[in-house]
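Residue strings, one per chain:
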Amino acid sequence: MATNPLFELSKFGQSIWYDSISRRLIAQGDLQRLVDEYAVVGVTSNPTIFEQALGSSADYDEDIRKLAEAGHDAEQIFERIATDDIRQACDVLMPVYEATGHVDGRVSIEVGPNVAFDPQATMEEARRLWRTVDRPNLMVKIPGTPEGLPAIEEMIYEGQSINVTLLFAVSMYEQVMEAYIRGLERRAAENKPLDQIHSVASFFVSRVDTMVDKEIEAKLSASNDPGEQERLRSLLGKAAVANAKLAYQAFKRVFGQGQSNPRWEALAAKGANLQRPLWASTSTKNPAYPDTLYVAELVGPHTVNTVPEKALLAFADHGVVRGNTVEEDSEGAQRVERELAEVGVDLQAITEQRLTAEGVSSFTKSFDTLIAELRKKRDAITVS
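First, a word on scope: everything that follows refers to the structure included in this document. Just so we're clear, the structure is a prediction, and the values are computed from it rather than from any experiment.

Points about helix H5 (residues 74–99)
In step 1: Counted at 1.5 Å a residue, the expected span for H5 with its 26 residues is 38 Å, and the 38 Å between its end C-alpha atoms agrees.
In step 2: Where H5 begins, the capping side chain belongs to Asp 73, and its oxygen is found 3.2 Å from the backbone nitrogen of Glu 75.
In step 3: A positive phi of about 65° marks Gly 101, the residue just after H5.

With respect to the packing of helix H4 (residues 61–69) against H5
In step 1: It is the contact of H4 with H5, at a shortest axis distance of 10 Å, that shows an interaxial angle of 135°. Classified by the angle between their axes, H4 and H5 sit oblique to one another. As for the relative orientation of H4 and H5, their crossing is right-handed in sense. Across the interface between the two elements, Asp 63, Ile 64, Leu 67 and Ala 68 from H4 touch Ile 77, Arg 80 and Ile 81 from H5.
In step 2: Its residues assigned to classes, the contact of H4 with H5 comprises five nonpolar, no polar and two charged.

A few points about the sheet that holds strand E2 (residues 40–43)
In step 1: Pairing in this closed barrel of eight strands is parallel, and the strands run E1-E2-E3-E4-E5-E6-E7-E8 around the ring. Ignoring which end each strand starts from, the neighbouring axes of this sheet average 30° apart.

Structural notes on the packing of aromatic side chains
In step 1: The tally for this structure, following the rule as stated, stands at nine aromatic pairs.
In step 2: When the ring of Phe 50 is compared with that of Phe 78, the centres are 5.6 Å apart and the planes differ by 85°; the resulting orientation is edge-to-face. A residue pair is termed long-range when its members are at least 10 positions apart, and Phe 50 in helix H3 (residues 47–55) and Phe 78 in helix H5 qualify at 28 residues.
In step 3: Each ring, one from Phe 255 and one from Trp 264, has its centre 4.8 Å from the other, and the planes form 90°; the classification is edge-to-face. In terms of burial, Phe 255 and Trp 264 fall into one category: buried.
In step 4: Among the aromatic residues, those joined into a cluster by ring pairs are Tyr 180, Tyr 248, Phe 251, Phe 255 and Trp 264.
In step 5: In this structure, Arg 186 packs its charged tip against the face of Tyr 157, placed 4.1 Å from the ring centre.
In step 6: One residue, Arg 207, lies across the ring of Phe 363, its end atom 5.7 Å from the ring centre.

A word on the pairing of strand E1 (residues 14–18)
In step 1: For E1, the buried fraction is high: five of the five residues fall into the buried class.
In step 2: Neither face of E1 is left uncovered, since the one carrying Gln 14, Ile 16 and Tyr 18 and the one carrying Ser 15 and Trp 17 both have all their residues buried.
In step 3: In this structure, E1 lies alongside strand E8 (residues 303–307), joined through five bridges in parallel fashion. Of the residues in E8, the one forming a bridge with Gln 14 is Thr 303.
In step 4: Here E1 pairs with E2 via two bridges, running parallel. The partner of Tyr 18 across the bridge, within E2, is Val 43.

Quick look at helix H15 (residues 330–342)
In step 1: For H15, which comprises 13 residues, the first-to-last C-alpha distance of 19 Å matches the rise-based estimate of 18 Å (1.5 Å per residue) to within 8%.
In step 2: Residues of H15 that are buried include every one of Ser 330, Gly 332, Ala 333, Val 336 and Leu 340, and no others. For H15, the angular spread of the buried residues around the axis is 160°, confining them to a single face. Of the exposed residues in H15, the ones pointing more than 90 degrees away from its buried face are Glu 331 and Ala 341.
In step 3: Buried residues belonging to H15 abut helix H9 (206–222), helix H10 (226–235), helix H11 (239–254) and helix H16 (347–383).
In step 4: The positive-phi residue at the C-terminal boundary of H15 is Gly 344, with phi of around 90°.

Focus: unusual backbone geometry
In step 1: Of note, the phi angle at Ala 39 is positive, near 65°, even though the residue is not glycine.
In step 2: Here Ala 39 lies in the loop between helix H2 (30–38) and E2.
In step 3: Among the residues examined, Ala 39 registers a relative accessible area of 13% and is labelled buried.
In step 4: Positive phi outside glycine occurs at Asp 134, with the angle close to 55°.
In step 5: Residue placement: Asp 134 occurs in the loop between helix H6 (119–133) and strand E4 (138–143).

Reading the values: rules and limits
- Residues numbered from 1 in each chain as written.
- Predicted model: local features only at pLDDT ≥ 70, side-chain atom pairs only at ≥ 80, totals over all residues.
- Heavy atoms only, no water.
- Helix = DSSP H or I, 4+ residues; strand = E, 2+ residues; numbered from the N terminus.
- Expected span 1.5 Å × (residues − 1).
- Polar contact = N/O pair within 3.5 Å; in protein donor to acceptor, adjacent residues only side chain to side chain.
- Axes fitted to C-alpha atoms, helices over the stretch in contact; angles between N-to-C directions.
- Parallel < 35°, antiparallel > 145°, perpendicular 65-115°, else oblique.
- Left-handed = near helix turned anticlockwise from the far one by under 90°.
- Contact = heavy atoms within 4.5 Å.
- Nonpolar A, V, L, I, M, F, W, Y, C, P; charged D, E, K, R; others polar.
- Pairing = 2+ DSSP bridges.
- Phe/Tyr/Trp six-rings, centres within 6.5 Å; stacked < 30°, edge-to-face > 60°.
- Buried < 20%, exposed > 50% of the residue type's maximum accessible area, 1.4 Å probe, protein only.
- Lys NZ or Arg CZ within 6 Å of the ring centre and 35° of its normal.
- Arc of directions from axis to C-beta.

Right, dumping it as C-alpha cells:
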C-alpha cells in the first residue's frame, strides 16, 4: 500500500492513536492493520466507545453469559470485558511500545465517570485497573476535574502512567501539568525512578467549536448590524484550534520547550518524560468545515492526536501535512480569544465549566446505558 499522509506526521513529532476499541477490531487483525497501514501507535477508549462496542454486536454475549452464570453483577461484567479487551490491545501494541522506547504503543482505559468528582474512589479504581490489566503499556484515564487533580498527582507518585482526560480549558490544563510535576518531584525526593512514567493530557478540540459556534449563531440571529454580523461570522470555527494552540504554548512554557524552566529541567535530568498534549475529540462535527481540520491544524513536536475512524480515513485519503502547524500564528490564537471576549463569548467559562460538566455528563450517560443493558442481559440469563 502506498504511504499515506498519516505516516508523515511522525516526521514532525506527532503520534497517531486510534480513538476506538472492540473485541472484533482486535480479533480480526484490524488493529494490527491500523498499525501497519495507518501509522496508528496507540489506542484510547472511553465509556461511550465501550457502549457502542457492546451494543453493536453479539461478540460479547458468550462472555456475558459465563460471567452472569458465575454470579457477577453488571458492573463486574463490564470491567471484566473491558479489561480483557484492553489487555489484548496492549499485547498487539507491545512491539510498538518497545520500538518507541515505551513512548507509544499505549492503550488507555478510563475510570468510571461515576467517580470523576471523588478523588479517593478515583485512586482506588485506577489502582485496580492497573493491577487487573497488568501490562506496562497501559494508561489509566483520569478526568481533569479539580477533584481529579489529587488523584493524578498521587497516581504519578505511585508510578502509574496516566492519561488525563476531558480537558477543555487552558487554565485547568496548567493545573494538570502542575499535578504531574508535583507527583514526579515527590518520587525524585525519595530517589524513586522517573523514567518509566509516561503521561498525556487529553485536550478536547471539536466540542469547543460546537459550543462556541452555537453562541455565535445566537448572537448573529439577534443582530441587525451588518458590521457586527461580519465580525461574528469571521469567528465561526476558529475557537477550537485557537484554544488548542494556546494550550500548546502553555505546554512549551511548563516543559521548557524553547524556553528555560529550571524546575522541569531538574526532573528531566533524572529521566522524567514530558507529559505530551493529546488532541482528543478531533472528528469534525460541522460538515461546513474540512473533515481533516482538527488533524491538519494541530501538528507539532511531542503531540498525540487520537483519531476516530472517520477522521483517520479522511486524513489518510486526502490529508495534507503542512509541517508544524500547532505553532503557526500563535498571536492569531490569542487574537481569536480576545475577539470572542469582545463580542460577548466567554471562552474561559465555556471551557472551564460548561464543557467539562457536559463531558462528564455525556460519559456518565453512556456508562449508565451500558450498565443497564448489561444488567438486562444478565437478568435474562440468570432467570432462564
